[in-house]
Amino acid sequence: MSPADDAQHSVPLKIDTTVPHSARFWNYWLGGEDWYPVDKELGDALREQYPSIAGIAVASREFLGRAVRHLARDVGIRQFLDIGSGLPTAENTHQVAQRYAPDSRIVYADTDPTVLMHSQALLTSTPEGRTAYLDADVRDVDVMLERAGTELDLDRPVALMLLSMLGHIEPGPAAELVQEYTRRLPSGSYLVTCDSIDDPEVIALCEDYAAAGAAPYYPRSRDQLAATAKGLELLPPGLGPIARWRPDHPEVEPPQDQLFQWGLVARKP
């Protein structure tokens with residue numbers, strides 16, 4: 001049984017433990033402990049029904065690690081805005097960034113009450129750097145940037161992290177939303193994003209996911225993913241399966257079940 005069950009008596013009333021939720025479901029697929037039985041039930045059912053896709057959560061987390069490492073170690077980025085960060089697991093953005101650049105400043109943002117409940121786990125930091133958590137909605141760009149600006153210097157480059165979360169917004173509005181963020185961020189900022197590609201099996205999985213009572217998730221076409229980076233410069237190898245984005249062992253082909261998350265890293269000129 002998950003430790004989340006032990007906290008059930010202190011859970012705020014607005015947390016619904018009777019239907020699956022994306023942050024808890026994702027946490028379960030990552031091997032975390034902050035889920036409820038309903039999330040495990042759906043996670044197990046979808047993993048059994050769609051074994052060729054079950055690695056997408058791991059692919060997303062490992063992509064985050066490689067992208068943040070590159071930006072902090074090789075590019076010199078010291079500020080990260082991680083929106084839709086989800087529940088803390090291993091190798092969170094601040095842990096990776098501050099490993100290579102201890103003075104990195106990281107702001108996490110989410111609206112999920114379960115994430116808020118566990119946000120203290122995201123607020124550790126090196127003495128030189130800083131981490132903060134915002135209860136803010138990605139759709140409200142004004143509020144998000146105003147509040148993030150109390151922790152980050154928005155006149156200096158920022159890495160905008162939007163990993164495996166934009167699928168809760170329909171493709172057209174999602175691309176426009178990301179473009180608005182990148183329009184407001186300064187030159188030299190970066191976009192890191194990924195989502196599930198519109199393979200027929202992924203579409204079927206998302207339909208079953210929504211039918212279980214979870215918030216709908218909309219897979220993306222290649223063009224819809226590319227639209228999020230309009231006006232930006234894609235870093236090699238460009239847009240594609242994130243398991244193939246600068247892998248630690250390029251001589252080894254990634255598992256097939258990790259190839260259904262596509263994404264990119266792009267720089268604002």
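All values reported here derive from a predicted model rather than from experimental measurement.

**Notes on the layout of surface pockets**
Here's step 1: In this structure, the largest pocket encloses a volume near 880 Å³.
Here's step 2: Lining the largest pocket are 46 residues, and of these S22, G84, S164, M165 and H168 sit closest to its centre.
Here's step 3: Of all the secondary structure elements, the ones that give two or more residues to the lining of the largest pocket are α2 (22-29), α4 (56-75), β1 (79-83), β2 (105-110) and α9 (200-211).
Here's step 4: Among the elements that make up the lining of the largest pocket, the one with the highest residue count is α2 (6 residues).

**Digging into the environment of R139**
Here's step 1: Within the secondary structure layout, R139 lies in the loop between β3 (130-135) and α7 (141-148).
Here's step 2: Here the alpha-carbon distance between R139 and W26, two residues 113 residues apart in the chain, equals 21 Å.
Here's step 3: Aside from chain neighbours lying at most four places away, what touches R139 is H168, I169 and L177.

**Digging into α7**
Here's step 1: Along α7, the residues that are buried comprise V141, M144, L145 and A148. Down the axis of α7, the smallest arc covering the buried residues is 90°, so these residues share one side.
Here's step 2: Taken together, the buried residues of α7 touch β1, β2, β3 and α8 (171-184).

**Examining helix α3 (residues 37-49)**
A turn of α-helix holds 3.6 residues, and therefore any two residues three or four places apart point the same way.
Here's step 1: For α3, which comprises 13 residues, the first-to-last C-alpha distance of 18 Å matches the rise-based estimate of 18 Å (1.5 Å per residue) to within 8%.
Here's step 2: Looking at α3, one finds that the buried residues are V38, D39, L42, G43 and L46. Relative to the axis of α3, the buried residues are bounded by an arc of 130° and lie together on one face. Facing away from the buried side of α3, by more than 90 degrees, are the exposed residues E41 and E48.
Here's step 3: Packing partners of the buried residues in α3 comprise α2 and α9.

**Description of the packing of α4 against helix α5 (residues 93-100)**
Here's step 1: In the contact formed by α4 and α5, the axes pass within 8 Å of each other and the chain directions differ by 35°. Note on packing geometry: the crossing formed by α4 with α5 is right-handed. Along its contact with α4, which presents L64, G65, V68, R69, A72 and R73, the element α5 presents T93, V96, A97 and Y100.

**Examining the pairing of β1**
Here's step 1: Of all 5 residues in β1, 5 are buried; the element is thus mostly enclosed.
Here's step 2: Residues Q79, L81 and I83 line one face of β1 and the alternating positions F80 and D82 line the opposite face, and both faces are buried.
Here's step 3: Alignment of β1 against β2, held across 5 bridges, turns out to be parallel. Counted as the bridge partner of D82 is Y108 from β2.
Here's step 4: Each parallel crossover has a hand, and for β1 linked through α5 to β2 it is right-handed.
Here's step 5: In terms of strand pairing, β1 meets strand β4 (residues 159-163) through 3 bridges, oriented parallel. Bridge assignment links L81 to a residue of β4, and that residue is L160.

**Overview of the nonpolar core**
Here's step 1: L81, I83, L162 and Y181 are the most contacted members of the largest nonpolar core, which has 50 residues in total.
Here's step 2: Core analysis: the next-biggest nonpolar cluster, separate from the first, contains 28 residues, I77, V96, Y108 and I242 among them.

Parameters at a glance
Residues numbered from 1 in each chain as written. Predicted model: local features only at pLDDT ≥ 70, side-chain atom pairs only at ≥ 80, totals over all residues. Heavy atoms only, no water. 1 Å grid on protein atoms, 1.4 Å probe; cavity = no way out; pocket = protein on both sides within 12 Å on 5 of 7 lines; lining within 4 Å. Points joined across faces, edges and corners; volume = space filled by probe spheres on them. Helix = DSSP H or I, 4+ residues; strand = E, 2+ residues; numbered from the N terminus. Contact = heavy atoms within 4.5 Å. Buried < 20%, exposed > 50% of the residue type's maximum accessible area, 1.4 Å probe, protein only. Arc of directions from axis to C-beta. Expected span 1.5 Å × (residues − 1). Axes fitted to C-alpha atoms, helices over the stretch in contact; angles between N-to-C directions. Left-handed = near helix turned anticlockwise from the far one by under 90°. Pairing = 2+ DSSP bridges. Right-handed = clockwise from strand over helix to strand, strands pointing away. Core = buried A, V, L, I, M, F, W, Y, C linked by side-chain atoms within 4.5 Å.

Shape descriptors only; they carry no functional weight alone.
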